[in-house]
Amino acid sequence: QVHLVESGGGWVQAGGSLRLSCAPPRSIFSADKMGWYRQAPGTQRELVASITTSGSTNYADSVKGRFTISRDNAKNTVYLQMNSLTPEDTAVYYCNYKRIFGVTYDYWGQGTQVTVSS
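Residues numbered from 1 in each chain as written. Predicted model: local features only at pLDDT ≥ 70, side-chain atom pairs only at ≥ 80, totals over all residues. Heavy atoms only, no water.

**Student:** When you look at the pairing of strand β5 (residues 46–52) in this model, what are you seeing that I'm missing?
**Tutor:** The two faces of the sheet receive side chains in turn, since in a regular strand these alternate between them. Pairing of strand β4 (residues 33–39) with β5 involves six bridges; the strand directions are antiparallel. Bridge pairing links Y37 to L47 in β5. Taking the residues that link successive antiparallel strands as the turn, the β4-β5 hairpin has six residues, and the phi of G42 there is positive, at about 80°. Examined bridge by bridge, β5 and strand β6 (residues 57–59) share three bridges and lie antiparallel to one another. (Pairing = 2+ DSSP bridges. Helix = DSSP H or I, 4+ residues; strand = E, 2+ residues; numbered from the N terminus.)

**Student:** How should the packing of aromatic side chains be read in this particular structure?
**Tutor:** To describe a pair of aromatic rings, one takes the distance between the centres and the angle between the planes. As enumerated under the stated definition, the model contains two aromatic pairs in all. Aromatic side chains Y105 and Y107 sit 4.3 Å apart centroid to centroid with 5° between the ring planes, which places their arrangement in the stacked category. As far as the burial class goes, Y105 and Y107 line up, both buried. One residue, R19, lies across the ring of Y79, its end atom 4.1 Å from the ring centre. The ring of W108 is capped by R45, whose NZ or CZ atom sits 4.9 Å from the centre of that ring. (Phe/Tyr/Trp six-rings, centres within 6.5 Å; stacked < 30°, edge-to-face > 60°. Buried < 20%, exposed > 50% of the residue type's maximum accessible area, 1.4 Å probe, protein only. Lys NZ or Arg CZ within 6 Å of the ring centre and 35° of its normal.)

Written out as structure tokens, the structure is:
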């Protein structure tokens, strides 16, 4: 099992920005799909954004126009640029890597806290 390593979380005032990064702790087969999920206290984990190897993206309606997911295939790294943050974005953010062809896997990170104050 591989635990992905997230970074970039923290505290920010409403309207501010943060950039999350996620990378594997060692070399692994490249992921077919990378995603960011979040979970606020008392809620279920939800998909925030995902990106495929070809660069096709998908966003939750609540973050469209504010968040941007990107990936560096050479580094097997995924990023989440979060702008215009609101207190409703406060949650633990998790990255997820899925490989569905060949050597398959479904890896998660330990989570990074994002807190947005009003």
